[in-house]
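One-letter residues, chain by chain:
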Amino acid sequence: MDKGAARRASVEGGGGRRAGIAEAHRVVVKVGSSSLTTAAGGLDADRVDALVDVLAKSRSGGEREIVLVSSGAIAAGLSPLGLRRRPKDLARQQAAASVGQGLLVARYTASFARYGVRVGQVLLTSDDMARRAHHRNASRTLDQLLAMGALPVVNENDTVATDEIRFGDNDRLAALVAHLVRADLLVLLSDVDGLYDGDPARPGTARISEVTGPADIAHVQIGSAGKAGVGTGGMVTKVEAAGIAAAAGIPVVLTTASQAADALAGRDTGTYFHRTGRRSADRLLWLQHASEPQGALTLDEGAVRAVVEGRKSLLPAGIAAVEGDFSAGDPVELRDTAGRPVARGLVNFDAKELPQLLGRSTRELARELGPAYEREVVHRDDLVLLHH
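Thresholds, definitions, all that
Residue numbers run consecutively from 1 along every chain, following the written order of its sequence. Reporting in this predicted model follows two pLDDT cut-offs: at least 70 for local features of residues, and 80 or more for side-chain atom pairs to be given and counted; totals over whole chains, interfaces and linings ignore these cut-offs and use all residues. Each side-chain value is worked out from all heavy atoms of the structure, with water and hydrogens disregarded. Think of it this way: a Phe, Tyr or Trp ring, Trp meaning its six-membered ring, pairs with another when their centres are within 6.5 Å, and the plane angle makes it stacked under 30 degrees, edge-to-face over 60, tilted otherwise. Only DSSP runs of H or I covering at least 4 residues are called helices, and only runs of E covering at least 2 are called strands; the numbering of each starts at the N terminus. Here the term buried applies to any residue with accessible area under 20% of the maximum for its type, exposed to any over 50%, and partly exposed to those in between, with areas from a 1.4 Å probe on protein chains only. Every axis corresponds to a line fitted to the C-alpha atoms, with the helix fit spanning only the stretch in contact, and the corresponding angles, defined between N-to-C directions, vary from 0 to 180 degrees. Roughly parallel means an angle under 35 degrees; roughly antiparallel, over 145; roughly perpendicular, 65 to 115; everything else is oblique. In this scheme the crossing of two helices becomes right-handed for a clockwise turn of the near helix relative to the far one and left-handed for an anticlockwise turn of less than a right angle. Residue contacts are counted whenever heavy atoms from the two residues lie within 4.5 Å of one another. Classification convention: Asp, Glu, Lys, Arg as charged; Ala, Val, Leu, Ile, Met, Phe, Trp, Tyr, Cys, Pro as nonpolar; all other residues, Gly among them, as polar. By definition here, a helix of n residues has an expected span of 1.5 Å times n minus one. This arc is taken over the directions from the axis of the helix to the C-beta atoms. One requirement defines pairing of two strands: DSSP has to find at least two bridges between them.

(A) Spotlight on the packing of aromatic side chains. Throughout the structure, instances matching the rule amount to two aromatic pairs. The interplanar angle of 35° and the centroid separation of 6.3 Å between the aromatic rings of Tyr108 and Phe112 together place this pair among those described as tilted. With Tyr108 and Phe112 both in helix 4 (residues 90-113), this residue pair falls four residues apart, about one helical turn. Its relative accessible area of 1% is what places Tyr108 among the buried residues. Judged by its relative accessible area of 0%, Phe112 falls in the buried class. Seen in terms of ring centroids, Phe349 and Tyr373 are 5.9 Å apart; in terms of plane orientation they differ by 25°. Their pairing is stacked.

(B) Seen up close, the packing of helix 2 (residues 45-58) against helix 4. It is at 9 Å that the axes of helix 2 and helix 4 come closest, and there the two elements cross at 50°. Between helix 2 and helix 4, the angle is such that the two are oblique. The way helix 2 lies across helix 4 gives a crossing that is right-handed. On helix 4, the residues that touch Ala45, Val48, Asp49, Leu51, Val52, Leu55 and Ala56 of helix 2 are Arg107, Tyr108, Ser111 and Phe112. Here the contact of helix 2 with helix 4 is composed, by residue class, of eight nonpolar, one polar and two charged.

(C) Highlighting the environment of Ala178. Mapping Ala178 onto the fold places it in helix 6 (residues 171-180). C-alpha of Ala178 to C-alpha of Ile250: the two residues are 72 residues apart in sequence and 7.6 Å apart in space. Those residues in contact with Ala178 that sit more than four places away from it in its chain are Val28, Ala183, Leu186 and Ile250.

(D) Region of interest: helix 5 (residues 132-147). With 16 residues, helix 5 should reach 22 Å at 1.5 Å per residue; the first-to-last C-alpha distance of 22 Å fits that figure. Taken as a whole, helix 5 has its buried residues at His135, Ala138, Ser139, Leu142, Leu145 and Leu146. Taken around the axis of helix 5, the buried residues stretch over an arc of 130°, which confines them to a single face. Projecting away from the buried face of helix 5 at angles above 90 degrees are the exposed residues Arg140 and Ala147. The inward-facing, buried residues of helix 5 contact strand 1 (26-31), strand 2 (65-70), strand 3 (119-124), strand 4 (151-156), helix 6 and helix 9 (284-289). Positive backbone phi, approximately 85°, marks Gly149, located one or two places after helix 5.

(E) Spotlight on the sheet that holds strand 13 (residues 383-385). With mixed pairing, five strands are arranged side by side in an open sheet as 10-9-11-12-13. The outermost strands of the open sheet, each flanked by one partner alone, are strand 10 (319-324) and strand 13. Direction aside, the axes of adjacent strands within the sheet are offset by 20° on average. Here strand 9 (residues 295-299) runs beside strand 11 (residues 331-335); their pairing, made up of three bridges, is parallel.

(F) Highlighting the pairing of strand 1. Summarising burial for strand 1: six of the six residues are buried, a large majority. Residues of strand 1 alternate between two faces, with Arg26, Val28 and Lys30 on one and Val27, Val29 and Val31 on the opposite face, all of them buried. Of the strand pairs in this sheet, strand 1 and strand 2 are connected by six bridges, and their pairing is parallel. When the sheet's bridge partners are listed, Val28 is paired in strand 2 with Val67. Where strand 1 and strand 5 (residues 185-190) come together, five bridges link them in parallel fashion. Opposite Val29, over in strand 5, you have Val187 as the bridge partner.

Okay, structure coming up:
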């Protein structure tokens, strides 16, 4: 048996281990642009209705709650604005998202209304989600919508997002939303029916039915482009998203929109990623995977030890250098003396305030500058270690 066949045999291991999926109570379903729109841009009403049929029936018994993370706002806005393809410049992407988001939610609202299901729109920016108050508010809103029987439709707030607009076609956002709502399952729907052990277009390649951990797919070459050309994500972002969710204790099924009913019923379709880690309730997953650092702090060796090994807060005394133009509350990277990133955290000071504080104790700073300066530069509750 060649290596590829041996790996497939160990990874696939039989479809019976998906038995728990049918009982999953809270499910996040993510659908990509290519599954909702025509190649020219514009929503395909039949495709939207077909997906809604599946989701509405899946939750009809009242035992299941569904959160839908839907791409498609930018793609839906192309045709109405006379754009032939997805624009490369940010301003026109944001304009397309602004027009398309309204059309997308209107389409979902009308389609779900056929089943008497109300839809609630939730637009998130990934950077905000790392902040304590915003994270708590988003969690409350989604919980309340579900408690009231509504179906939340989540999208990134592309109209105002900057770097986040290239967030990976909402795949990573979906993994983080699954974590936020404490989902029992994440289903990623796209135009590819699973992860293959090579290029699916080539003869001899096979679908990988199950992934028990990163080692199972360490040698698989993963493609990065979608077929339809209207989305931004590819298989790379989907596998990364599946890894994030699985590490947070949430199993994942990756398949096509046409196989959504089978995926939600626990049948052997697509690729099933087993959970690899434990569920946690904090927002640090967002800080680690969704935030864009606005600057960097270089730590001395003692501070690196305190933060990494001691899980302590970062104090001014341990900082050797400051880089970037950031404000209090922004995410920053914490680096060791060799320049390697060791952690990420939300900083409590503006960049321009920090140089006068470096290397000094909080007690000394409080005495000289006032009690407001007797605080951590990064509190340990707002800090996540980066494992390499």
